[in-house]
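Commentary on secondary and tertiary structure
Next come the chains, spelled out residue by residue.
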Amino acid sequence: MGIETLIIGMPGTFAQGIIYGIMALGVFITFKVLNFADLSVDGSFATGGAVAAITIISGKSWIYAMVLAFIAGAAAGLITAVLHTVFGIPDILSGILTQLALYSINLRIALNQPNTPISVDKYNLAVSLRYKGYSLTMVVIMVLLIIALMYWFFGTEVGSALRATGTNPAMSKAQGINVNLMKSLGLVLSNALVAFAGALSAQFNGNADVNMGRGAIVIGLAAIIIGEVISNIFKNRNFAVTLIFVVCGGILYYIFMAIVLWLKMPANDMKLFTAIIVALFLAVPYLKNQANSSFRKAAKEGGKK
Amino acid sequence: MLNAFNLQKTFNPGTINEKVALAGATLNLAEGEFCTVIGGNGAGKSTFLNAVAGVWPVDGGSIEIDGIDVTGLPEYKRAKYLGRVFQDPMTGTAANMQIDENMALAARRGKCRGLGWGVTKKERATYHEMLKELDLGLEDRLTAKVGLLSGGQRQALTLLMATIQKPKLLLLDEHTAALDPKTASKVLDITDMLIKEHGLTAMMVTHNMRDAINYGNRLIMMNEGRVILNISGEEKKNLTIEDLLHKFEEVSGTEFTNDTEILSK
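The notes below deal with the structure included here. This structure is a prediction, so every number in the text was calculated from the model and none was measured. Numbering of residues starts from 1 in every chain and runs along the sequence as written. The order in which chains are written sets their letters, starting at A; the order in which ligands are written sets their numbers, starting at 1. Only residues with pLDDT of at least 70 get local features here, since the model is predicted, and only at 80 or more are side-chain atom pairs given and counted; chain-wide, interface and lining totals rely on the full set of residues. To obtain the side-chain values, all non-hydrogen atoms of the structure were used and water was disregarded.

Quick word on the packing of helix H5 (residues 151-163) of chain B against helix H6 (residues 181-198) of chain B
Residues and elements named next belong to chain B. Angles shown run from 0 to 180 degrees and are taken between the N-to-C directions of axes, each axis being a line fitted to C-alpha atoms and, for helices, limited to the stretch in contact. Working definition: helices are DSSP H or I runs of at least four residues, strands are E runs of at least two. Numbering for both runs from the N terminus. At their nearest, the axes of H5 and H6 sit 10 Å apart, and the two run at 10 degrees to each other. Our classification of the angle between H5 and H6 gives roughly parallel. Across the interface between the two elements, Gly 152, Gln 155, Ala 156, Leu 159, Leu 160 and Thr 163 of H5 pack against Thr 183, Val 187, Ile 190, Thr 191, Leu 194 and His 198 of H6. Looking at the contact of H5 with H6 residue by residue, the class counts come to six nonpolar, six polar and no charged. For classification purposes, angles smaller than 35 degrees are called roughly parallel, those larger than 145 roughly antiparallel, those between 65 and 115 roughly perpendicular, and all remaining angles oblique. By definition in these notes, contact holds between two residues if any of their heavy atoms fall within 4.5 Å. Classes in brief: Ala, Val, Leu, Ile, Met, Phe, Trp, Tyr, Cys and Pro nonpolar; Asp, Glu, Lys and Arg charged; the others, Gly included, polar.

What follows is the structure in structure tokens.
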């Protein structure tokens, strides 16, 4: 197969990458801003897909479906928040419990169908693999709006309080910030965004699958980390630039995946590739740092001087 | 300003690690009093401050700040009345955030946080002036991340943040203990300046007897979770370290055995 197929498919690859980028922006709120390893994401991504698919099938518009998906994701985030702040369950475990529970809940939402097809022929969708150029425009507009909103929100008083909670909870309490409330708010917003991305992804691919969220958290982290590694070329980057690079990370991740698929590697190995890519991007900055300041190097150069 | 009555706190009750940290500590501070707190390790000094700050609920007793009973209020609600500086310079500020953002967080202590800008332009100008007074060169680094500052600079900033909105009570928990002697004395001077400038009521825990004597107009000594010595007025002014050691032995019936405090004469 020629390189043309890869290039012709690029708008679609970009669109899918940006959808993952939106999800990564959600993960960014918990993982980076709140310093909370939230694993509910795998569940809430599929929740967004299921809610959107069922709403669209019932004859409602995709706008309505996206709003409902956003609210459903927020509710999922709230469950993790309650488990953590009210019942004192550690962050990772709260997320895992929500994720597990959501698997059943998502099946219920999808009327016990593991896969709910929503064909672009039958329904009016926001994005679709069939119309790559149009879909790309749509997701670009959406992601820019989301970045603008996030940039504004984290600059407000509440947003600052949320950031402070993630950096230093002890200080935040001393400054009169309700730390549990801020954590909950972060989890709610994060999962709402993730579900929103799930709703987009389901429409783009023409179906909502109960397993579509599997590995979503790793993809989100991959996008954040890839974005961070490449954004390091900028010395002084502000918050908006950081967010843009998170989305770029999502796009790059999906381009890797497209190349892997184009090389005719078995689709079943995708998760393995994802894991390897994330491991590489995590390891590279560390190893680079090690190479610059290692004991071996110190012994060598110290001897010369 | 502060009425702490008969405070009780036991950590890990019923276990082998049971520790009675507060056993009926009582203290009343009038408005404008600057009280230094000394005592050996485990005497309950920091525990007392934490009880007032509401880090955890007390087992018994009551705490009133400016006539308001705060015994049942959680830490973040009590923060409205309190300015706090901690022993560890890392605790008082958010390292990932800018200097102006940190100050803006403190300026909104006890107020409702809405969707207005986290730091306004007007505020920045005020912060610039306030930092200038510290004379640490921080006024030109308003947008620098606090994590880049030294321990002393961070403590000075925390102090400024604690007083940016006049607190009913300023709690200083060995806030110079982690600093080198020169920086410690600079931070203490800033402390004294801010307390005098705003006429604040303050409590300062210290391990240094000289500082405890030189600063403030009230001195208490704690031992085994109680306030065992209470000195103010003229008596405080004429106090010497020898007097203090002698008084400690008299009240507690044991010799003062804390090396740090004797060594830091």
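A short note on the packing of aromatic side chains
For this analysis, a ring pair means two rings from Phe, Tyr or Trp (six-membered ring only for Trp) whose centres lie within 6.5 Å, classed as stacked if their planes differ by under 30 degrees, edge-to-face if by over 60, and tilted for the remaining angles. Scanning the model with the defined rule gives nine aromatic pairs over all chains in all. Judged by centre distance (6.5 Å) and plane angle (85 degrees), the rings of Phe 70 of chain A and Phe 196 of chain A are edge-to-face. A residue pair is termed long-range when its members are at least 10 positions apart, and Phe 70 of chain A in helix H4 (residues 62-85) and Phe 196 of chain A in helix H9 (residues 179-205) qualify at 126 residues. Residue burial is assigned from relative accessible area. The probe radius is 1.4 Å, only protein chains are included, and a residue is buried under 20% of its type maximum, exposed over 50%, and partly exposed in between. Residue classification places Phe 196 of chain A among the buried residues on the basis of a relative accessible area of 15%. With 5.4 Å between their ring centres and 80 degrees between their planes, Phe 11 of chain B and Trp 56 of chain B make a pair best called edge-to-face. Taken together, the residues span a long stretch of sequence, with Phe 11 of chain B in strand E1 (residues 2-11) and Trp 56 of chain B in the loop between helix H1 (45-53) and strand E4 (60-65) at a distance of 45 residues. Overall, Phe 11 of chain B belongs to the partly exposed group, its relative accessible area being 28%. What links up through ring pairs into an aromatic cluster is the set Tyr 20, Phe 45, Tyr 253 and Tyr 254 of chain A.

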